[in-house]
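# Analysis of the macromolecular model
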Amino acid sequence: MDQLLPQLVNGLVLGLLLFLIAAGFSLIFGLMDVINLAHGSFLLFGGYVGLSVIRATGNFWLAAAVVPLVTGAVGLLIEVTVLRRTYTRGHLIQVLLTLGLALIAADLMRWNWGAYVESVDAPAALAGLVDFGGVFQVPLYRLAIIGFGLVMAGALWVVLERTRLGAVVRAGVLDREMVAALGIDIDKVVAGVFALGTALAGLSGLLAAPVTSLYPGLDFDFLILALVVVVVGGMGSLKGAFWGALLVGMADVLGKAYFPEFSLFAIFLIMAIVLLVRPQGLFGTREAT
Amino acid sequence: MDALRVEALTRRFGGVVAVHRVSLDVAEGERRAIIGPNGAGKTTLFNLVAGKLTPSEGAIRYRGTDITGLAPYQRARLGIGRTFQRTNLFPSLTVAENIRLAVLAHTDRARRILVPVERFADVEDRVDELLDGFDLGGRSTTEVHELSYGEQRQLEIALALAGRPSLLLLDEPTAGMSPAETSSITEIISSLPREVTLLVIEHDMDVVFTLADRISVLHHGEVIAEGTPTEVRDDPNVVQVYFGGGG
Amino acid sequence: MTTNVARTARRNRWAIPGLVLALVAVPFLLGTFEVSLATTALIFAVFAMSLDLLVGYTGLVSLGHAAFFGFGGYVAAYTAIHLTGNLVVVLPVVAGATAVLAVVLGFLALRTSGIYFLMLTLAFGQMLFGLAVKWTPVTGGSDGLAGVPAPFVGIGPLSYVFAGRVRFYYLVVVAVLALGWFLVRVVRSPFGHALVGIKDNEERLASLGYDTWRYKMAAYVIAGVVAGLVGALFVFFNRHAAPENLFWVVSGEVLLMVIIGGAGTMYGPALGAVGVRLFESYVSSYTDRWQTLLGLLFVAFVLFAPGGIVGVVRRWRNRGRAPG
């Protein structure tokens, strides 16, 4: 039992990290009908860039500022130069393209940062443990992630639900052509959403690094979890991404803690149940078929 | 026994009632036209009968059997064929291959995996029969996307007929056609054997009056009039709905 | 992408005999390195053809096909190590086990389509990879199962062991020709035609009376079993079953082979597989960055020649014809 509480906290940590990735991924799919298989690559890239910045300057916070700018910029570049050409050509082409990019990215990152596991230290200000009534202790850094994740969730919710820009994005998720017909420059919105998504992914990579370390393969480990999150939570839904992420994060952590050999089955089981009972996801607005 | 019996069929989409307590009795061999202004619920009704949508309330009986819960493919196996308003063919296959697929569906060969598809003489004969019947013989090896619009609409009907259905649902068969193409299609439909019961959605009144034995008029999801073409034409409700004047 | 269902490569009567002759001649004309290369190229050719059944004919784009390839390999390794390497036993066991896996995964994945299907197959593939890495007592963990004995047929003194590069190569030639023949027959059959109908217009096919779900499931199982069988051959070739064979990169590579070759033609993906294997082999002797180059090649095809090599050849052939 005294294992349970710290594991619940860990589940919350993973859940919120997943939310940051899944939210971008889900909005990109909802808005652009593109599943970006390189999304995990942006996460890993962000982590590695952050690692390099920390190695050069010793400053975690500087890295946290630089990383989303870099990954957002790279995302924007890719959207404008390559991805944009595929919108009229169907899902398959887009998927294949991002798959190719993921292959390239994985190889180049391995080339530059090596094939070994790289650990990243949490910033000094957030080092140390927090004591919960002497029953268990949690690293302060992980609590900080929970806090940050909740703040981001709130901020995204406010932007989507309460601002005009958010309304445009939400409308675009439901009916992209209609929004364009209303005279709104949907291309810019799309590019912006994509860049935001990749920026978030990169930042998540940096934030996750002290917890998971960085290694080739982390890109797809997270991508798979993000995919499961959007299948469970429902595509194009922020609420779905949030609750789906928490569910999957908890399942993954608790699964690993109690059934280390079969931890993936907990996730598999959840996904199977959702698919059988409600294929469009818990909060899905679009049909899964 | 009626070929088709629709009982108090209702379909809601959220708060909107697209079809409201519609009942129809279509006799064997009858030619029934469904008409009504846009948004009257004709296509929804069609999709309910075809199985693409499930009703919120009500039942559908085909030759006495309750088919309300059956999937489209099961209804097709029972002998219900349908065409689509927007041409719905198999674009990467040739005309002959399209028809062959339709013919095979009603044989026990459709699941064979090791025999080349052209091996069955009786299937090939039926394919040729349909190609000739629809004047597509010369286009049999043409891929569908190279056909003219009229030819595609003809193929549309040929596919629905391939399985020798006893109930045929035709969704706006003459949509988008020139007068020449329209009269050609109308002739094809008229010359269908009387064993085939027809349910047709149409906007072109000339076609309706040529083909239909009886007409059902839909408005706001309800049947507001039903009868022979003459009766319907003179019905004041119908006149009002089509030409306005009051509520 | 045009499919070439009944028209697939029937033109040249000498193509098949010529191919068989060329395959048989390889060990006589080329060295052991080339024989090994040919062995794996043929394995991947059928692997790609099996995926083409799903992608190019049924329209089910799977990014988890390596799951069956790797799983078949593990089953073969486990059977050969703990039971017997007799192919009469191993192959049916592999086929049966892979079929069961395909039914279970297909039952879930086929509840979706399009991009959801793709994501699910990717997720399933990675989950199986994770299982292979973690379930050490059974799968050997990240080291995999080593010491896989050579396969054989026959009993006792009358057994013929496929040890040695050349003997194994001929085993693979026979297997590949048999499986390839089978797949081509399937796509020319009524079943195969129906699959194309599903890809083109599933709703219409259903309204004609086809139970499309059953067809998709059957295609998924056939594709999975064929992939599992060549996965078994691959493991026998390496004498080792590794979790890497289940990794997404392998699923991506085989999808790449299908697209580069030309989806929906069967022979296109086979050529694509051979081409990609040759490319990998050649390029990796010059640089470690072959995956990047492969990715770039792939991106180039996706953007400029999505119909693959077959598509390019066809366009070139039709250049003299007037449109329409």
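The shown structure was predicted, so the numbers you read here are calculated from the model rather than taken from an experiment. (Residues numbered from 1 in each chain as written. Chains lettered and ligands numbered in written order. Predicted model: local features only at pLDDT ≥ 70, side-chain atom pairs only at ≥ 80, totals over all residues. Heavy atoms only, no water.)

## What about the arrangement of the chains?
- Counting contacts across all 2 pairs of chains found in contact, the highest total belongs to chains A and C.
- Contact between chain A and chain B is absent, and the least distance between their C-alpha atoms amounts to 14 Å. (Contact = heavy atoms within 4.5 Å.)

## Points about the confidence of the model for chain B
Residues and elements named next belong to chain B.
- When the pLDDT values of chain B are averaged, the result is 87; 98% of them are 70 or greater.
- Taking the mean pLDDT of every element in chain B, the minimum, 76, falls on helix α9 (residues 236-243) and the maximum, 93, on strand β8 (residues 197-201).
- Overall fold confidence for the complex sits at a pTM of 0.89, while the interface term, ipTM, reaches 0.88. (pLDDT = per-residue confidence, 0-100. Helix = DSSP H or I, 4+ residues; strand = E, 2+ residues; numbered from the N terminus.)

## Some thoughts on the interface of chain C and chain B
- Counting residues at the interface gives 31 residues for chain C and 38 residues for chain B.
- Across the chain C to chain B interface the summed buried area is about 3,000 Å²; carbon plus sulfur atoms make up 55%.
- The largest per-residue losses of area from chain C upon contact with chain B belong to C:P190, C:R204 and C:L208, which jointly make up 23% of the total buried on that side.
- Between the two partners, chain C and chain B, sit 2 salt bridges.
- Linking chain C with chain B are 15 residue pairs in polar contact (both at pLDDT 80 or more), by the criterion used here.
- For the side of chain C that touches chain B, the elements supplying multiple residues, two or more each, are α7 (165-188), α8 (190-207) and α9 (212-238) of chain C. (Buried area = accessible area lost by both parts, 1.4 Å probe. Salt bridge = Lys/Arg side-chain N within 4 Å of Asp/Glu carboxyl O. Polar contact = N/O pair within 3.5 Å; in protein donor to acceptor, adjacent residues only side chain to side chain.)

## Comments concerning empty space enclosed by the protein
- Within this structure, the stated rule accounts for 4 cavities of 30 Å³ or more.
- Surrounding the largest cavity, 14 residues form its lining, B:I80, B:G81, B:H106, B:A160 and C:L208 being those nearest its centre.
- Where the lining of the largest cavity is concerned, the elements lending two or more residues are β6 (80-82) and α5 (149-161) of chain B together with α8 of chain C.
- No other element matches β6(B), which puts 3 residues into the lining of the largest cavity.
- Of the residues assigned to the lining of the largest cavity, the class counts are 7 nonpolar, 5 polar and 2 charged. (1 Å grid on protein atoms, 1.4 Å probe; cavity = no way out; pocket = protein on both sides within 12 Å on 5 of 7 lines; lining within 4 Å. Points joined across faces, edges and corners; volume = space filled by probe spheres on them. Nonpolar A, V, L, I, M, F, W, Y, C, P; charged D, E, K, R; others polar.)

## Observations regarding a negative patch on the surface
- Negative charge collects at one region of the surface, where B:D125, B:D128, B:D132 and B:D135 lie side by side.
- Mapped onto the elements of the fold, B:D132 is located in helix α4 (residues 121-133). (Patch = residues over 30% accessible without salt bridge, like charges linked within 9 Å, V, L, I, M, F, W, Y side chains within 5 Å. Areas by Shrake-Rupley, 256 points an atom, 1.4 Å probe, with all protein chains shown as cover. Lys, Arg positive; Asp, Glu negative; His and termini not counted. Charge placed at Lys NZ, Arg CZ, Asp CG, Glu CD.)

## Examining the sheet that holds strand β9 (residues 214-219) of chain B
Residues and elements named next belong to chain B.
- Ordered by their spatial adjacency, 6 strands build an open sheet running β6-β7-β8-β3-β9-β10, and the pairing between neighbours is mixed. The sheet terminates laterally at β6 and β10 (222-227), the two strands that pair on one side only. Pairwise comparison of adjacent strand axes, ignoring direction, gives a mean angle of 20° for this sheet.
- Two elements, strand β3 (residues 31-35) and β8, share 4 bridges in a ladder whose sense is parallel. Across the sheet, residue I34 finds its bridge partner in β8, namely I201.
- Its contacts with the sheet put helix α1 (residues 42-50) on β3, β6, β7 (167-171), β8 and β9, and the angle it makes with β7 is roughly 150°. (Pairing = 2+ DSSP bridges. Axes fitted to C-alpha atoms, helices over the stretch in contact; angles between N-to-C directions.)

## Thoughts on a nonpolar patch on the surface
- A cluster of nonpolar side chains, contributed by A:L269, A:I273, A:L276, A:V277, C:F107 and C:W213, occupies part of the molecular surface with about 590 Å² of accessible area.
- When residues of the nonpolar patch are assigned to their parent elements, the largest contribution, 4 residues, is made by helix α11 (residues 263-277) of chain A.
- Along the chain, the position of A:I273 falls in helix α11.
- A:I273 gets classed as partly exposed once you look at its relative accessible area, which sits at 49%. (Buried < 20%, exposed > 50% of the residue type's maximum accessible area, 1.4 Å probe, protein only.)

## Section: the interface of chain A and chain C
- On the side of chain C, 43 residues touch chain A, which itself brings 52 residues to the contact.
- Note on chain A versus chain C: buried area summed over both sides is about 4,300 Å², and carbon and sulfur give 79% of it.
- Applying the counting rule to chain A against chain C returns 1 salt bridge.
- Ionic pairing is found between A:D107 and C:R289, a salt bridge with its closest N-O pair at 3.2 Å.
- Between the two partners, chain A and chain C, sit 4 residue pairs in polar contact (both at pLDDT 80 or more).
- Sorting the residues of the side of chain A that touches chain C by element identifies α1 (4-32), α4 (91-113), α9 (218-233) and α11 of chain A as the ones contributing at least two each.
- Counting residues per element, the side of chain A that touches chain C draws most heavily on α4(A), at 17 residues.
- Here the side of chain A that touches chain C is built from residues that sort into 38 nonpolar, 5 polar and 9 charged.

## Quick word on the pairing of strand β2 (residues 16-27) of chain B
Residue and element names in this part refer to chain B.
- Examined bridge by bridge, strand β1 (residues 2-13) and β2 share 8 bridges and lie antiparallel to one another. Residue pairing for β2: V6 is matched across the bridge by L24.
- Taking the residues between adjacent antiparallel strands as the criterion, β1 and β2 are bridged by 2 residues, where G14 takes a positive phi near 65°.

## Side note on the packing of helix α2 (residues 39-57) of chain A against helix α8 (residues 186-212) of chain A
All names here are of chain A.
- Axis separation between α2 and α8 bottoms out at 6 Å; the angle between their running directions is 55°. As the angle between them shows, α2 and α8 are arranged oblique. Helix-helix and strand crossings are classified by hand; for α2 and α8 the assignment is right-handed. Two secondary-structure elements touch here, α2 through H39, F42, L43, G46, G47, G50 and I54 and α8 through G197, T198, A201, G202, S204, G205 and L206.
- Looking at the contact of α2 with α8, its residues break down into 5 nonpolar, 9 polar and no charged. (Parallel < 35°, antiparallel > 145°, perpendicular 65-115°, else oblique. Left-handed = near helix turned anticlockwise from the far one by under 90°.)

## Concerning helix α5 (residues 140-162) of chain A
- In a regular helix each residue adds 1.5 Å, so 23 residues correspond to 33 Å; α5(A) covers 32 Å between its end C-alpha atoms and thus fits that length.
- Along α5(A), the positions that sit buried rather than exposed are A:Y141, A:I145, A:I146, A:G149, A:M152, A:A153, A:L156 and A:L160. (Expected span 1.5 Å × (residues − 1).)

## Describing the nonpolar core
- One finds A:F19, A:I35, C:M119 and C:Y210 to be the most contacted residues of the largest nonpolar core, which totals 260 residues.
- Element by element, the count of residues in this core is highest for α9(C), at 18 residues.
- With residues near it in sequence (within four places) discarded, C:M119 still touches A:F25, A:I35, A:L227, A:V230, A:V231 and A:M235. (Core = buried A, V, L, I, M, F, W, Y, C linked by side-chain atoms within 4.5 Å.)

## Here's the deal with the side chain of C:S251
Residue and element names in this part refer to chain C.
- In this structure, S251 sits in helix α10 (residues 248-261).
- For S251, a relative accessible area of 2% puts it in the buried group.
- The contact partners of S251, leaving out residues within four places of it in the chain, are L63, G64, H65 and A66.

## Re the packing of α4(A) against α10(C)
- The N-to-C vectors of α4(A) and α10(C) enclose an angle of 130°; their axes lie 11 Å apart at closest approach. The angle between α4(A) and α10(C) places the two elements in the oblique class. When you trace α4(A) past α10(C), the crossing you get is left-handed. Along the contact surface, α4(A) presents A:L96, A:L99, A:A102 and A:L103, while α10(C) presents C:W248, C:V249, C:G252, C:L255, C:L256 and C:I259.

## Topic: the packing of aromatic side chains
- Under the criterion given, the structure shown has 24 aromatic pairs over all chains.
- Taking 4.2 Å as the distance between ring centres and 15° as the angle between the ring planes, the aromatic pair formed by C:F47 and C:F69 counts as stacked. Placement of C:F47 in helix α2 (residues 32-58) and of C:F69 in helix α3 (residues 66-82) is noted, with a sequence separation of 22 residues between them. As far as burial versus exposure is concerned, C:F47 and C:F69 are alike and both buried.
- Between C:Y210 and C:Y215, the ring centres sit 5.5 Å apart and the planes meet at 65°, which makes this aromatic pair edge-to-face.
- Site record: aromatic cluster; members linked through ring pairs are A:F220, C:F129, C:F247 and C:W248.
- Between B:R11 and the ring centre of B:F13, over which it is positioned, the NZ or CZ distance is 4.5 Å. (Phe/Tyr/Trp six-rings, centres within 6.5 Å; stacked < 30°, edge-to-face > 60°. Lys NZ or Arg CZ within 6 Å of the ring centre and 35° of its normal.)

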